[in-house]
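# Coordinate inspection notes
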Amino acid sequence: MKRFDYIKPATVSEAVSALAANSGAQLIAGGTNIVDLMKYDVVAPSVLVDINGLALKDIEALPNGGFRIGALATNSAIAYHEGIQQQYPLLSSAILAGASPQLRNAATAGGNLLQRTRCYYFYDPSTPCNKREPGSGCSAIGGVNRIHAILGASEACVATHPSDMCVGLAALDAVVEVTGPDGKREIAFADFHRLPGDMPEKDNTLKPAEMVTAIRIESQPGTRHHTYLKLRDRLSYAFALVSVAVSLDMDGDVVTAARVALGGVAHKPWRNAEAEAALVGRSPSESDFETFAATLLAPAKGQGANDFKIPLARKAIVRALRQAVAGTPQVQSVKAIA
């Protein structure tokens, strides 16, 4: 690990100033991702800005029934929060499907949003990787790409975002609150992460020296019709090959609003507003589920070793919609065999 300076700011303003004053500075909170990246020599920040002392740990109930989750709230604190479990069980389920209890006790909400891809080549500095070294090439294209993207990929990068929590937040239409040199602003969750395009080194739409301070979820009508289905190679401590987060509002057996996000398949949680709108006003059947899956996966393209993800995702989407409509959410993650 290379030498670095260490700063521990007392306020958000001081943290932002430290980021702005040092182009090579990076934040550290739980450290569950950045410490690994430093050990593997994938990143070498000149300054670590330790924000663990900031007052960003609270999970605050909002007057409209929603919640504001501080960027330093741990994954465990969020998942087991009584209000979150009652009002947004989808988020709790998504978090508990990820990592291990030990990691969830350390990992933070803000860090979860900002974690880097788990692509083999990104973690191996001896191989070309456009995300790590722009312009060097993408070793996963034509290489070992079983875990890689089938949606939204580019000729520069086929990596996927690894977070389970983010898939749940995407399906809940969360809002990310950030602070930077120009003050505070809000970013719709759908706009926070970005597709790789020709700049895969940029994972999100944060501006220089901005930091995440909170995640806000607004009140939604019901909690019964949801599910988080995660398909992976083993039942514990494995990233999703495909995951599906579904949150439906229903009046009797009629869907009044639909939010469906896919994980493990793209550089960001994947949604399709057109497909979701087609479910509204219907008492959905199996054929509706199949049509929805076909629409969502229409642009999907395998990379060879991950071609199996397309039929796997189709079956997962149908199963997740069936569970959500019936009000029988997934209670145990499922092991994928492919």
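Now for a description of the structure that goes with this document. (Residues numbered from 1 in each chain as written. Predicted model: local features only at pLDDT ≥ 70, side-chain atom pairs only at ≥ 80, totals over all residues. Heavy atoms only, no water.)

## Regarding the side chain of Ser-92
The topology assignment puts Ser-92 in helix α5 (residues 89-96). Residue Ser-92 is classed as buried on the basis of its relative accessible area, which comes to 6%. At 2.6 Å, the side chain of Ser-92 and the backbone oxygen of Ala-79 are in polar contact. (Helix = DSSP H or I, 4+ residues; strand = E, 2+ residues; numbered from the N terminus. Buried < 20%, exposed > 50% of the residue type's maximum accessible area, 1.4 Å probe, protein only. Polar contact = N/O pair within 3.5 Å; in protein donor to acceptor, adjacent residues only side chain to side chain.)

## Points about the pairing of strand β9 (residues 226-232)
Consecutive side chains of a regular strand alternate in pointing toward one face of the sheet and then the other. In terms of burial, β9 is largely enclosed, as seven of its seven residues are buried. Of the two faces of β9, the one holding His-226, Tyr-228, Lys-230 and Arg-232 and the one holding Thr-227, Leu-229 and Leu-231 are both buried throughout. The pairing of β9 with strand β10 (residues 242-251) spans six bridges and is classified as antiparallel. Across the sheet, Leu-231 pairs through a bridge with Val-242, a residue of β10. (Pairing = 2+ DSSP bridges.)

## Side note on the pattern of salt bridges
Scanning the entire structure with this criterion turns up 17 salt bridges. Linking Arg-116 and Asp-203 is a salt bridge whose minimum nitrogen-to-oxygen distance equals 2.4 Å. Taken together, the positions of Arg-116 in the loop between α7 (109-114) and α8 (165-171) and Asp-203 in the loop between α9 (189-192) and β8 (211-217) put the pair 87 residues apart, joining distant regions of the chain. In this structure Arg-116 comes out as buried when scored by relative accessible area, which is 16%. Residues Asp-233 and Arg-146 are paired through a salt bridge, measuring 2.8 Å at the closest nitrogen-oxygen approach. (Salt bridge = Lys/Arg side-chain N within 4 Å of Asp/Glu carboxyl O.)

Purely spatial values, then, with no claim about function.
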